[in-house]
Amino acid sequence: MKKVFIITGEYSGDKHASGVVRELRKIYPDVVIEGVGESNLEQEGVKLFCNHSKMGKVGLTPKTILNHLFLGIKIVKYLKEDFKPDLVLLVDYGAFNLQISKHLKKAGIKTFYFIPPQIWASRKHRLKTIKKNIDKVFTIFPFEKEFYDNEGINAEFVGHPLVAELPLCNKKEEFFKKHGLDLNKKLIGVFPGSRIFEIHFLLNIFIKAAKLIEKSRNDVQFVFSHAKSLSNSVFSVPYKEIKEDNHELLAYSDALILASGTVALEAAMFETPMIIAYKGPLFFYLIYLLVRNIKKACLVNIITKKDYVDEFLMFDAEPKKIANCINQILDNKEKRNHIIEGCKKTKELLTNLHCVEQVAQSIKKELEEA
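Below: a short report on this structure. Just so it is clear, the structure is predicted and the values come from calculations on it, not from any experiment.

About the thresholds
- Within any chain, residue numbers begin from 1 and follow the written order of that chain's sequence.
- Only residues with pLDDT of at least 70 get local features here, since the model is predicted, and only at 80 or more are side-chain atom pairs given and counted; chain-wide, interface and lining totals rely on the full set of residues.
- In computing side-chain properties, one takes all heavy atoms of the structure into account and sets aside hydrogens as well as water.
- The secondary structure listing takes helices from DSSP runs of H or I that are at least 4 residues long and strands from runs of E that are at least 2 residues long, numbered from the N terminus.
- Using a 1.4 Å probe on the protein chains alone, a residue whose accessible area is under 20% of its type maximum counts as buried, one over 50% counts as exposed, and one in between counts as partly exposed.
- To estimate how far a helix should reach, multiply one less than its number of residues by 1.5 Å.
- This arc describes the spread of directions from the helix axis toward the C-beta atoms.
- If the strands point away from the viewer and the path from the first strand over the helix to the second runs clockwise, then the crossover is right-handed.
- Strand pairing follows a simple DSSP-based rule, namely that at least 2 bridges must link the two strands.
- Nitrogen and oxygen atoms within 3.5 Å of one another constitute a polar contact, given that in protein one can donate a hydrogen and the other can accept it, and given that sequence-neighbouring residues count only through two side-chain atoms.
- Axes, fitted as lines to C-alpha atoms, cover a helix only where it is in contact. Angles between the N-to-C directions of the axes lie from 0 to 180 degrees.
- Here, two residues are considered to be in contact whenever any of their heavy atoms come within 4.5 Å of each other.
- Pairing of aromatic side chains here covers Phe, Tyr and the six-membered ring of Trp, requires ring centres within 6.5 Å, and sorts the geometry by plane angle: under 30 degrees stacked, over 60 edge-to-face, intermediate tilted.

**Topic: the environment of Leu181**
With respect to the helices and strands, Leu181 occurs in the loop between helix H8 (172-178) and strand E8 (186-191). With a relative accessible area of 11%, Leu181 lands in the buried category.

Dropping the structure here:
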């Protein structure tokens, strides 16, 4: 009986991994699966070695480092001495999983990586660890495969998990009624981020941009996305805010102001015109400039290899610049259509595969050949 162990480190990885498990059980029902995860994996019948209580923490505090170190030691010991898997699937959570991969390699355990670290963006030195310790990489962006192929690393483009996970949004009137919005006014959705430092640096900039837009026109309304991870004391805005229905907000907005991240990819799936902005501590930005491999930040621009979405990063993240760009999106049909074209091209490049099915099929093939 074949055995697989899955290691995730946060909610999104647990969710994506559960999809792989679901598809794998359909085509290989006898496989035994254990892992590190949360409720999504558990609901698919995966026996959890542990949950994320010692993981998913941001920052290099002594406690965090020690938690990860001891957890890693326990996992490796269990895999080598007790579970003895035929294959380990690492999912996202780069810093931890790359360290684990070194020990799995020494133990002779076959190791695959789903949603690998974004080394195409920064920290290219991690390639050495991947090349040495990972048997196969499942990439979620088409350009990633080219990146790994050039380095002689076994990689397969499987598509992006986000594509199949996004809900259908076709009830605009219900959404507007639920949140007390005016169907006769243009809706601008604002997503300032889900981390405290993002709110610290971006929220006031986005609020000021919204006020500037309001001064220049009376046909707009704003809704701010309030991430569930942020307390009310951290997140305070003079506009409507929602904690639910974020996908609907992305889909039904006439324009979006976004903190740089995966949310831009979600917006592209709904073909909603957007701008992205990002700002953080100057020290970390200078480090980023030293380690980055690409100059673009928005995933639409990176995936299409063309500048479709305006990026306002660090010193360019100014309320006036953002407001002017949003007004252009609302008033200039040519600019609006240009961004929508980029969204459509992004969708075309990502939606030709069913991600978790591809990963499951590849794992099944490996188990049968082992």
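After that view, the rundown keeps rolling.
**Describing helix H3 (residues 62-83)**
Spanning 22 residues, H3 covers 30 Å between terminal C-alpha atoms, matching the ideal 32 Å at 1.5 Å per step. Restricting attention to buried positions, one finds in H3 the residues Thr64, His68, Leu71, Gly72, Ile75, Val76, Tyr78, Leu79 and Phe83. Taken down its axis, H3 places every buried residue within 160° of arc, on the same side. H3 presents Pro62, Lys63, Lys74 and Asp82 as exposed residues on the side facing more than 90 degrees away from its buried surface. Phi turns positive one or two residues past the end of H3, at Lys84, with a value near 50°.

**Some details on the pairing of strand E5 (residues 111-114)**
Remark: a regular strand shows side chains that alternate across the two faces of the sheet. Alternating positions in E5 separate into two faces, Thr111 and Tyr113 on one and Phe112 and Phe114 on the other, with burial throughout. Crossover handedness for the path strand E4 (residues 87-91) to helix H4 (residues 94-106) to E5: right-handed. Here three bridges tie E5 to strand E6 (residues 136-139), and the two strands are oriented parallel to one another. Paired with Phe112 across the bridge in E6 is Lys136.

**Description of helix H15 (residues 333-350)**
Residue pairs spaced three or four apart in an α-helix point in one direction, given the helix's 3.6 residues per turn. Helix length check: H15 (18 residues) gives 26 Å between terminal C-alpha atoms against 26 Å at 1.5 Å per residue, within 8%. Restricting attention to buried positions, one finds in H15 the residues Lys335, Ile339, Ile340, Gly342, Cys343, Thr346 and Leu350. For H15, the angular spread of buried residues about the axis comes to 150°, placing them on one side. Exposed and facing more than 90 degrees away from the buried side of H15 are Lys333, Glu334 and Glu348. Capping the start of H15 is the job of one residue whose side-chain oxygen sits 3.0 Å from the backbone nitrogen of Glu334: Asn332.

**With respect to the sheet that holds strand E9 (residues 220-225)**
Taken together, the six strands give an open sheet; going across it, the order is E10-E9-E8-E11-E12-E13, and neighbouring strands pair in parallel fashion. If you trace the sheet from one side to the other, it starts and ends with strand E10 (240-242) and strand E13 (310-313), each paired once. Between one strand axis and the next, the sheet turns through 20° on average, direction left out of account. Where E8 meets strand E11 (residues 255-259), four bridges bridge the pair, whose relative direction is parallel. Across the sheet, the residue bridging to Val190 is Ile257, located in E11. Packing against the sheet, helix H9 (residues 196-216) makes contact with E8, E9, E11 and strand E12 (274-278), and its axis sits at approximately 170° to E9. On top of the sheet, helix H11 (residues 262-269) reaches E8, E11 and E12; it is set at about 160° to E11, its chief contact.

**A word on the packing of aromatic side chains**
This structure, assessed with the given rule, holds 13 aromatic pairs. Geometrically, the ring pair formed by Phe5 and Tyr78 is tilted, given 6.3 Å between the ring centres and 55° between the ring planes. You can see Phe5 sitting in strand E1 (residues 3-7) and its partner Tyr78 sitting in helix H3, a full 73 residues away along the chain. Side by side, Phe5 and Tyr78 carry an identical accessibility label, which is buried. Aromatic side chains Tyr78 and Phe83 sit 6.0 Å apart centroid to centroid with 10° between the ring planes, which places their arrangement in the stacked category. Phe83 shares its class with Tyr78; the two are buried. Members of the aromatic cluster, connected to one another through ring pairs, are Phe5, Phe49, Tyr78 and Phe83.

**A word on the sheet that holds strand E3 (residues 47-50)**
Strand order in this open sheet of seven strands is E3-E2-E1-E4-E5-E6-E7, and the pairing throughout is parallel. Each having just a single partner strand, E3 and strand E7 (155-157) make up the two edges of the open sheet. Averaged over neighbouring strand pairs, the angle between their axes works out to 20° when direction is ignored. Examined bridge by bridge, strand E2 (residues 32-36) and E3 share three bridges and lie parallel to one another. Pairing of Gly35 across the sheet is with Leu48, part of E3.

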